[in-house]
Amino acid sequence: MTIPVNELADHLAAAEEERRTVPQLVHEHPDLDLDTAYDIQTTRFDQRLAAGDRLVGYKVGLSSRAKQVAMGVHEPIYGRLSRAMWHPEEEPLDLSTLVHPIVEAEIAFLLGDDLDGDDATVASVLAATEGLLPALEILDSRYDNFKFTMPDAIADNASAARVVLGGRLIPPDRVDAQLEGMVLRADGQVVHTAAGAAVSGHPALSVAWLAQKVGGLKAGDVVISGGLTAAVPLRERRVVSAEYTNLGRIVLTIA
Ligand code: OOG
Ligand code: MG
């Protein structure tokens, strides 16, 4: 059966706009494969661009074992980040704009040079990186109960909703991303701890994987490399912070 790509892109876009969830696409389309799922993601993202939004970078998801176990998925996926998803650290987040938001701590890369996709490595990623930043990603799956298969999540732009970036750019030679320690706190309590190596063995390897998948990255792209630990539900929370050894601290306040 052919998959109605445009129709499913509209279906997910409507769910997001109307702040409601829908059943997983695979229930009705069990033969939805990964390539077609990326087509749905692209179609929906192109609609955002046509409406005046702008591509600012990418996200890699399910790149840590903790996330893969939490979501029952075994391989990384990627999604696109747009300017409308950017949330300033200084501004309290209004949860009424979201359905069932969860937050995770990530390491972000800002590219200073174009990066060739073909044989990207940790070394070539670091060479093309202008700096690293601490990040918090707010996920809000468009699926009922935040449950999905890999093609579902890909079609849904990897659950992307908002991204908060720290304000201090750390040059790549000033931090060993795989040894970077992270403490995630919610309302003052430690909820998760990890080192950067939790993400693909090295967060830069996550970026290299992405560069191969999307056929190269551009100077100015921001890439969030994936949650270091399982995510934390945001409802009933007032403040969530991630504190890193060298990247510093990033804080999200809930309105
Ligand atoms: C899919 C996206 C996962 C990450 O950093 O692992 C992700 C999801 O778990 O909703 O963004
Ligand atoms: Mg993430």
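Residues numbered from 1 in each chain as written. Chains lettered and ligands numbered in written order. Predicted model: local features only at pLDDT ≥ 70, side-chain atom pairs only at ≥ 80, totals over all residues. Heavy atoms only, no water.

Topic: the environment of Gln178
In step 1: On the secondary structure map, Gln178 appears in the loop between strand S5 (160-165) and strand S6 (181-186).
In step 2: Residue class for Gln178 comes out partly exposed when judged on its relative accessible area of 32%.
In step 3: C-alpha separation for the pair Gln178 and Asp53, spaced 125 residues apart in sequence, amounts to 33 Å. (Helix = DSSP H or I, 4+ residues; strand = E, 2+ residues; numbered from the N terminus. Buried < 20%, exposed > 50% of the residue type's maximum accessible area, 1.4 Å probe, protein only.)

Brief notes about helix H3 (residues 34-50)
In step 1: The first and last C-alpha atoms of H3 sit 24 Å apart over 17 residues, in line with the 24 Å expected at 1.5 Å per residue.
In step 2: Those residues of H3 that are buried are in contact with helix H1 (5-17), helix H2 (25-28), strand S1 (55-61), strand S2 (77-82), helix H6 (150-155) and helix H7 (203-214).
In step 3: N-capping of H3 is provided by Asp33, with a side-chain oxygen placed 3.3 Å from the backbone N of Asp35. (Expected span 1.5 Å × (residues − 1). Contact = heavy atoms within 4.5 Å. Polar contact = N/O pair within 3.5 Å; in protein donor to acceptor, adjacent residues only side chain to side chain.)

Regarding the site of ligand 1
In step 1: For ligand 1, the set of nearby residues contains 16 residues, the closest of which are Lys59, Leu62, Glu104, Ser159 and Gly227.
In step 2: Within the side chain of Glu106, one N or O atom sits 3.0 Å away from an oxygen atom of ligand 1.
In step 3: With respect to ligand 1, the side chain of Ser159 contributes an N or O atom lying 2.6 Å from an oxygen atom.
In step 4: Bound to the protein, ligand 1 loses 100% of the 320 Å² it would expose on its own.
In step 5: Contributions of two or more residues to the shell around ligand 1 are made by S1, helix H4 (65-71), strand S3 (102-111) and strand S4 (129-139).
In step 6: Broken down by element, the residue count for the shell around ligand 1 peaks at three residues, all from S1.
In step 7: Looking at the shell around ligand 1 residue by residue, the classes come out as seven nonpolar, four polar and five charged. (Near = heavy atom within 4 Å. Areas by Shrake-Rupley, 256 points an atom, 1.4 Å probe, with all protein chains shown as cover. Nonpolar A, V, L, I, M, F, W, Y, C, P; charged D, E, K, R; others polar.)

A closer look at the coordination of the magnesium ion (ligand 2)
In step 1: Protein-derived coordination of the magnesium ion (ligand 2) comes from Glu104 (OE), Glu106 (OE) and Glu137 (OE), at a distance range of 1.9 to 2.0 Å.
In step 2: Within one chain, the residues donating to the magnesium ion (ligand 2) are spaced in sequence as E-x1-E-x30-E. Here Glu137 lies in strand S4 and Glu104 lies in strand S3, a separation of 33 residues in the sequence.
In step 3: Judged by relative accessible area, Glu137 falls into the buried class, the value being 1%. (Donors = N, O, S within 2.8 Å, 3.2 Å for Na, K, Ca; no water.)

A short note on the packing of H1 against H3
In step 1: Running from N to C, H1 and H3 cross one another at 60°; their axes reach a closest spacing of 9 Å. In terms of orientation, H1 and H3 fall into the oblique class. For the pair H1 and H3, the crossing hand works out as right-handed. Contacts between H1 and H3 involve Val5, Asn6, Leu8, Ala9, Asp10, Leu12, Ala13 and Glu16 from the former and Thr36, Asp39, Ile40, Thr43, Arg44, Gln47 and Arg48 from the latter.
In step 2: Classifying every residue of the contact of H1 with H3 by side-chain character gives six nonpolar, four polar and five charged. (Axes fitted to C-alpha atoms, helices over the stretch in contact; angles between N-to-C directions. Parallel < 35°, antiparallel > 145°, perpendicular 65-115°, else oblique. Left-handed = near helix turned anticlockwise from the far one by under 90°.)

Quick look at a negative patch on the surface
In step 1: A grouping of Asp31, Asp33, Asp35 and Asp39 is seen on the molecular surface, where their side chains present a negatively charged patch.
In step 2: Checked against the element boundaries, Asp33 lands in the loop between H2 and H3. (Patch = residues over 30% accessible without salt bridge, like charges linked within 9 Å, V, L, I, M, F, W, Y side chains within 5 Å. Salt bridge = Lys/Arg side-chain N within 4 Å of Asp/Glu carboxyl O. Lys, Arg positive; Asp, Glu negative; His and termini not counted. Charge placed at Lys NZ, Arg CZ, Asp CG, Glu CD.)

Here we look at the pairing of strand S11 (residues 248-253)
In step 1: The sheet contact formed by strand S10 (residues 239-244) and S11 spans six bridges and is antiparallel. Within S11, the position partnered with Ser241 by the bridge is Val251. (Pairing = 2+ DSSP bridges.)

What about the pattern of salt bridges?
In step 1: Applying the stated criterion across every chain yields a total of nine salt bridges.
In step 2: Two residues, Arg20 and Glu18, come together in a salt bridge whose shortest N-O distance is 2.7 Å.
In step 3: For Arg20, a relative accessible area of 34% gives the class partly exposed.
In step 4: On the accessibility criterion, Glu18 (49% relative accessible area) is partly exposed.

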